[in-house]
Amino acid sequence: MSDSQPEGYVGLHQLRGLSMLTLRANLSATKIKSGIKKATGLDFPKHGMHTSNGAKSLGWMSPDELLIIVDSDECVQTIENLNKALVGQHILLEDMSDARAMFRLSGKNIREVLAKLVPFDTSHSGFAVGSLVRTRFAQVAGAAFMTSNDTVELMCFRSVQDYVFGLLQERIATWFRGLSIAVSLKKN
Amino acid sequence: MSVRLANQGRLIDRMRPLSFSFNGQKMQGYHGDTLAASLLANDQMLMGRSFKYHRPRGVVASGAEEPNALMNLGSEGHFEPNARATTTETFEGLLATSQNHFPSLEFDIGAVNSKLARFLPTGFYYKMFIHPRSFWKHIYEPIIRKSAGLGKAPKARDADKYEHYYHHCEVLVVGGGIAGLQAAESAAAAGVRVMLVEQTAHWGGRAPVDGVIIDGAPADEWIKSTIAKLSSMTNVVVRNRTQGSGIYDHGYALAYERVADHTPRDQRPRHRLWRVRCKQIVTATGAIERPLSFARNDIPGVMLASAVRDYLVNYGVSAGDRTVVVTNNDDAYRTALFLKSAGLDVPAIIDARAEGGGELMAQAIAAGIRVETGRGIAKVKGGKRVTAVSLCAQVGEGSEIEEIPCDVVAMSGGWSPVVHLWSHCGGKLFWDDAKAMFRPDVNKPPIGSNGEGFVIVAGIASGHLRSAEVIQDAGQAGLTAAELVGGKKAKDTKLPDAQDAKEAAMEPVWLMPHGASYKLRSKAWLDFQNDVKVSDVQLAAQEGFESVEHAKRYTTLGMATDQGKLSNINGLATLSEALNSDIPSIGTTTFRPPYTPISMASLAGEARGELFQPVRKTPMHNWHDAHGADWEPVGGWRRPYAYIQNSETVDQAVHREVINTRENLGILDASTLGKIIVKGPDAGKFLDMMYTNMMSNLKPGRCRYGLMCSENGFLTDDGVVARVDEQTWLCHTTSGGADRIHTHMEEWLQTEWWDWKVWVVNVTEQLAQVAVVGPNARKVLEKLGGMDLSTKTLPFMAWADGEIGGFSCRAYRISFSGELSYEIAIPANRGLDFWKMVVEAGAEFGINPYGTECLHILRAEKGFIMIGDETDGTVIPQDLGLSWAVSEKKR
C-alpha cells in the first residue's frame, strides 16, 4: 500500500476563526430553550447531540451547559442576542473562544483513528452523525463532534493543543487493516 | 538428531526459505515456522538454561505454555528478552540468542549449581541468608541480584511504536480453535457485534493436527470456510496474532495484538493493545497438556506428546528419529501413530495404565508399535540430549527393567483446561475426578454489574475433550451469549458434525513410578523454568507450608515467566499427596492477568517521548523558551523558574531578576493562575461559604484576598477575588488549584446547595495574565496608554476594564511582591502580542522577565504565604498568622 492511495488518507486541520460561548442555564426550562432557539435560529440539541446549520452550531454539554459555536465575526452579535432573549433568567454566558483549540479530521478512516484515542464507541451506532461526546484524548479532556460521515471535529483546551496535535499526527500515521493511512497536515 | 522432513508441514511454505541467526550462527528456516520449529529443524534442541541450577534445557512445548525456550531477540532498539521461541514467528534476518548462561549455552559455569543441588533445597535462601544480619545488604543481595533474572534488560530506547485501540462489541470470543470459531459463528448469526481473537497466526487450534473430521472432511476445510464467512460479516471483527490477555470487571477485556513482531521495521505499530468493552465474553481457550513427573524429565528431548505432534504435522520437523511415548491417556497415542506413519521409529509406548487405552491403542498395536501397559519411566538417560529411558513398573519404586535407546521422549500426563481467563474475574472451578482436571463451574461464573454472569466458557476449556461435544458446547455458548445481549434468534441452528477417535479414560499419574525413591523424586521436575522438583514441594509440605499460596512462594513453583502453565496441576497434586489431602481441598493458586507476559510498551501505548505526558503551555510559552527559560513543572504547566542570560548560572539569574524587579521593572507570566467565574443571585452567599472571609460585601470594582479551607479546616487554596458586578465574582486560584477548586465548588453546588442559584465556569484558559511589577510598572503602562492607572482611579486592590496599547483588557492593581504591581488579563490568543509589546515598551525602564523562583523570593521577603510551601494539608490559617482573613462575622 502506498501513501498516495487516496482512500487511506485522513486529513488533519486546525480550525481557526471560530468563537465559542459557554452557556450555563437550566436547559430543561422551556423559556430558556425557546430563548436560545430564538437567539440562534437553531434547533435545540438532544442529549449527547449537536445541531448545526454549517456556520453555527449548538452542542449539548450537560443538562445545564450548552456550547454555542459561531464564526468570530458573529460573536458579539450572538452574545447580544442571547442576553436579550434570556433577559431576567438565571444564566451565565461566557466567551470561551480563546480557551480551546479545534481540529478537524477528514477521510473515510476517521472512526478508526478516533478509536485509537478515545474510550467511547466510535462505530456508526455508537457515534452517529450529529453526536457530541465529552471524552478524553489519551491523557487530556476533550470533546468530539461527528459532523458528517467523513468529518469529525475535536475540541481540547488551548494549553494542550500541541499535545493533541502530536497525538493525532502519530495516530493517523499508523496502519490499520492493511491500509496505510497517511496524513495531510495543516496547522496554521 | 532433530531434522526437517522431506514432506509434511501444513503451516510452512517451502517455496519461501529464510535465514536467521541463533547465537551468531546462521540457520535456515521456512516462512510459517516458529523459531522453535526452525531451531529444531537445525538440530538445535538445546535452547536455554534453567534459572536456578543452570541445567541444559530444550524446548518442551509448542505454544504459549513453553517454560524453557526463552530467547533474547533482536538488537539495540529492537531488543527483547524472554521471548518464547514457540510463539515467535521466524522471519528473514531474525536474531536470537539464548539466555541465562556464561560463557556459552553449551558450556555454562553456573551449571555447577546443579552439582550443588543437594545443598540448595527449597527454602535454602531463607535459611542461609538470614545470618549474620549485615551480610544480606552487603554480600548476599548484590551477588544474588547479579545472578538473578533470565534475559538481559534492554539498554537502548525502544525504536518501535505501539498503540491502543478501543473496541466496543456485544460478544468477545477468546480463542480461534474450532470452539471459538463455532461460538463466534453462532453469536454472529444472531446479528450482534462479535469480536474473535486468536493468539497464534493460525485458526483452528489443535483440531487439524489431531485429525478431527468435521462434516465428513478434514477439519481444515471447515475452519477455512468458517473463518472466511466470519471475516466477510460486517458485524464481526476477527484478529489473529491477538491474545485475549485479561478479563476485568464490567465486561472489560484486554487483547494483545502482535501486529508486526514477524515483520519488523515495516512502519506498522509493533503491538496493539485492544481495550475491549463488551457485554458477554466466551472463553474458548482450549487446554494445555501436562508433563509427567519422572526422574530427569528435564533432559533436552523430553517433550510434551502434543508438541512432538505439532512440530511434525505443522512444520514437518522431526524432534528425533526414535521417540518413546509415555502416557496416562489415549491422546498421546496419536503422536505415536503420526510418527510411525511419517516413517519415524517409535520403540515403545509406555502406558502407565494397567489396562492401557482404547481404539487408538488398538491402532498402535496394529501399526506394529510395542505397547507396555502398567509401566513407567524410571529415569531418562543422557546429558544435553536424551539417549535412552529405563523402563520400570508404574506401581513400584523404580527398579529398572530394561533400557530403551531413544532420542525423544513424548510425554502426556493428560490435559488441563485453560481456565485462566474464566478465573480472572472470579469464575469458580470444580475438580472433575473422572477427568482429573479443574473445570469451570458454569453455575458460578464471573458476575457482572447486573448480578448475572458475563463470561461463558466453551469447548475444551470447559472440559469437553471430544470434538463433537466441543462443537455442541461452543455453538450453545455462542447462542447463549448472543441471546443475553439481545440478539435475534437464529433460524438455522444446525451445527456441524465433528468426529474423532473414541478414547478410554485417563488415569491420573502424579509421580512416575508411584513409589519413586527420594533420589528419583529429587530429579523429577515440576516447574522447569524455576527448577522446582517433586522433592521440593514435599519438603515445603513437611516444613508446614500447607496453604497452596504459601507452598508456591516457598518453593517458587509457578512463579516464573510461564506462571506455572505446565507445573500448576502437578504441583497441586504433589502437595495434596504430601499432605494426605485431596486436590479440591488444596485448591489452586490465583490466576491473574495477563495470560502470558505482554510488552510494557503496549501498555504505555503512545505515552512515550514527546507524548509521555501532556505539557500545558501558556500563550507565551514559546517566547519563554526562546528567552532562556529554565523550566519548572507547576500543576501540569511548565513555568519559567528563571530566564538564563548569557553564561550566568540559574542562581545568578534568580538574583538578577529579584534585584531588577525591586529596583526597575519585572514582567511575569501569570496566565496559569486559576480563574473561575461565579455568578447568580446566591453567588455572594456561596462565596462566603467557600472562603474563610466575607466576599458578599465586596464592592464591584474591588478585589479582596481570600483563603479557602477544606472541610477539615485546613488551608487548601488562596487567591484574589474580584467582584465584577452585582451578581458576578471572579475568583483567582493557585496555578495547581484551578481544576480542583472548580470541582470543589461544583460539588457543593450539586450535592449540598443544589437549590442555590449559582453558576460556575472555569475561564482559566480563556485569559492570559501578565504581571507588570516594580517601581517602573506604572510608567511603562502609561507609556502604552489607553486607560487611567493612577492611584486615584485605580487604587490598590481595585480593578478596571479598559484598553492598554490598543488591547482590551482588565487591569488589577494587586501585588504579590510588595512592589507597585498590575496584573493585566487579556484574551489568551492576544496574550503573546501583549507580552511582546510590554517587553518592548519596557526596555527603557529596564524591564526583565522573571520566573517562579524570583516570585517566591519576592513574596517570601514580604511575608506572603504560598499554598503548598507554607501549607501541607495540616496547616490552619491561624498557624500562619492569617487570623485577620478569617471572618468572625459569619458565625
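Position numbers for residues count from 1 along each chain, tracking the sequence in the order it is written. Whichever chain is written first becomes A and whichever ligand is written first becomes 1, with later ones labelled in order. The predicted origin of the model limits local features to residues at a pLDDT of at least 70 and limits the giving and counting of side-chain atom pairs to 80 or more, whereas totals for whole chains, interfaces and linings rest on all residues.

A. Structural detail: the overall build of chain B. Looking only at helices and strands, chain B has 25 helices and 48 strands in total. When the backbone C-alpha atoms are referred to their principal axes, chain B occupies close to 115 × 70 × 60 Å. A residue is called partly exposed when the number of other C-beta atoms within 10 Å of its own lies between 12 and 20, exposed at 12 or fewer, and buried at 20 or more, with C-beta atoms placed from the backbone. Across the 891 residues in chain B, those meeting the buried criterion constitute 54%. Each residue gets a C-beta atom placed from its backbone, and two residues are in contact if those atoms lie within 7 Å. For chain B, restricting intrachain contacts to residue pairs at least 6 apart in sequence, the fraction spanning at least 24 positions comes to 66%. The helix and strand labels rest on DSSP assignments: H or I over at least four residues marks a helix, E over at least two residues marks a strand, and numbering proceeds from the N terminus.

B. Representation of the overall build of chain A within the structure. Along chain A, the regular secondary structure elements total four helices and 13 strands. Classification of the 188 residues of chain A by burial places 40% in the buried group. Summarising the internal contacts of chain A: among those between residues at least 6 apart in sequence, 60% fall at separations of at least 24.

C. The arrangement of the sheet that holds strand 26 (residues 386-393) of chain B in detail. Residue and element names in this part refer to chain B. Pairing between strands is defined by DSSP: at least two bridges between them are needed. In space, the three strands of this open sheet follow the order 25-26-27, with antiparallel pairing throughout. The open sheet is flanked by strand 25 (375-382) and strand 27 (402-405), the only strands paired with a single partner. Neighbour-to-neighbour, the strand axes of this sheet turn through a mean angle of 30°, independent of strand direction. Across four bridges, strand 26 lies against strand 27 in antiparallel orientation. When the sheet's bridge partners are listed, Leu 391 is paired in strand 27 with Glu 402. To obtain each axis, a line is fitted to C-alpha atoms, and for helices this fit is confined to the stretch in contact; angles are then taken between N-to-C directions over 0 to 180 degrees.

D. Up close: unusual backbone geometry. All names here are of chain B. Pro 513 follows Met 512 through a cis peptide bond whose omega is -10°. Mapping Pro 513 onto the fold places it in the loop between strand 33 (498-499) and helix 13 (518-521). With omega at -5°, the peptide bond leading from Pro 593 into Pro 594 counts as cis. Among the structural elements, Pro 594 can be located in the loop between helix 17 (583-586) and helix 18 (600-604). Residue Gln 8 is not a glycine yet carries a positive backbone phi of 70°. Mapped onto the fold, Gln 8 is located in the loop between strand 1 (3-4) and strand 2 (13-22).

E. Structural view of the domain arrangement of chain A. Residues and elements named next belong to chain A. Taken domain by domain, chain A holds domain 1 (6-15 + 99-186) and domain 2 (18-98). Just so you know, the domain bounds were taken from an automatic or database domain assignment. Placing a centre on the C-alpha atoms of domain 1 and another on those of domain 2 gives a separation of 24 Å. For the side of domain 1 that touches domain 2, the elements supplying multiple residues, two or more each, are strand 7 (100-106) and strand 8 (132-137). Note on residue classes: Ala, Val, Leu, Ile, Met, Phe, Trp, Tyr, Cys and Pro are nonpolar, Asp, Glu, Lys and Arg are charged, and everything else, Gly too, is polar. In terms of residue class, the side of domain 1 that touches domain 2 is built from six nonpolar, two polar and three charged.

F. Inspection of the domain arrangement of chain B at higher detail. By domain assignment, chain B separates into domain 1 (16-108), domain 2 (117-144), domain 3 (162-287 + 417-490), domain 4 (621-671 + 766-861) and domain 5 (674-765). Spacing between the C-alpha centres of domain 2 of chain B and domain 3 of chain B amounts to 46 Å.

G. Spatial organisation of the interface of chain A and chain B. Counting residues at the interface gives 30 residues for chain A and 33 residues for chain B. Put simply, the parts of the chain that give the side of chain A that touches chain B at least two residues each are strand 2 (18-24), strand 6 (92-95) and helix 4 (161-172) of chain A. Broken down by element, the residue count for the side of chain A that touches chain B peaks at six residues, all from helix 4 of chain A. The class makeup of the residues in the side of chain A that touches chain B is 13 nonpolar, eight polar and nine charged.

H. Focus on the pairing of strand 9 (residues 162-168) of chain B. Residues and elements named next belong to chain B. Counting buried positions over the seven residues of strand 9 gives six, a clear majority of the element. Across seven bridges, the pairing between strand 9 and strand 17 (residues 271-277) is parallel. From the neighbouring strand, Tyr 166 faces strand 17, where its bridge partner is Arg 275.

I. Structural context of the environment of Leu 5 of chain B. Mapping Leu 5 of chain B onto the fold places it in the loop between strand 1 and strand 2. In this structure, Leu 5 of chain B is in contact with Gly 316, Val 317, Ser 318 and Ala 342 of chain B, ignoring residues within four places of it in sequence.

J. Looking closely at the environment of Lys 26 of chain B. Note on placement: Lys 26 of chain B falls in strand 3 (residues 25-31). The spacing of Lys 26 of chain B and Gly 851 of chain B is 825 residues in sequence and 60 Å in space, taken between C-alpha atoms.

K. Up close: the nonpolar core. Residues and elements named next belong to chain B. By convention the nonpolar core is taken to be a set of buried residues drawn from Ala, Val, Leu, Ile, Met, Phe, Trp, Tyr and Cys and joined through C-beta atoms within 7 Å. By size, the foremost hydrophobic cluster in this structure holds 302 residues, and its most contacted members are Val 171, Val 173, Ala 187, Val 194, Val 282, Val 409 and Val 772. By residue number, the principal contributor to this core is helix 5 (residues 178-189), which donates eight residues. Contacts of Val 282, omitting those with residues within four sequence positions, involve Val 171, Val 173, Val 174, Ala 183, Ile 456, Ala 458, Ala 477, Gly 478 and Ala 481.

L. The arrangement of the sheet that holds strand 33 of chain B in detail. All names here are of chain B. Within the open sheet, the three strands sit side by side as 13-12-33. Their pairing is antiparallel. Each edge of the open sheet is held by one strand with a lone partner, namely strand 13 (217-218) and strand 33. Across two bridges, the pairing between strand 12 (residues 213-214) and strand 13 is antiparallel. The residue bridging Ile 213 from the neighbouring strand is Pro 218, located in strand 13.

M. Region of the structure containing helix 8 (residues 305-315) of chain B. With 11 of 11 residues buried, helix 8 of chain B is to be regarded as a mostly interior element. Where helix 8 of chain B ends, the next residue or the one after it, Gly 316 of chain B, has phi of about 65°, a positive value.

N. Region of the structure containing helix 14 (residues 534-542) of chain B. Residue and element names in this part refer to chain B. With seven of nine residues buried, helix 14 lies mostly within the body of the structure. If you follow the buried residues of helix 14, they end up packed against helix 13, strand 34 (525-527), strand 35 (532-533), helix 15 (548-555) and helix 16 (568-578). Gly 544 sits one or two residues past helix 14 and shows a positive phi near 100°.

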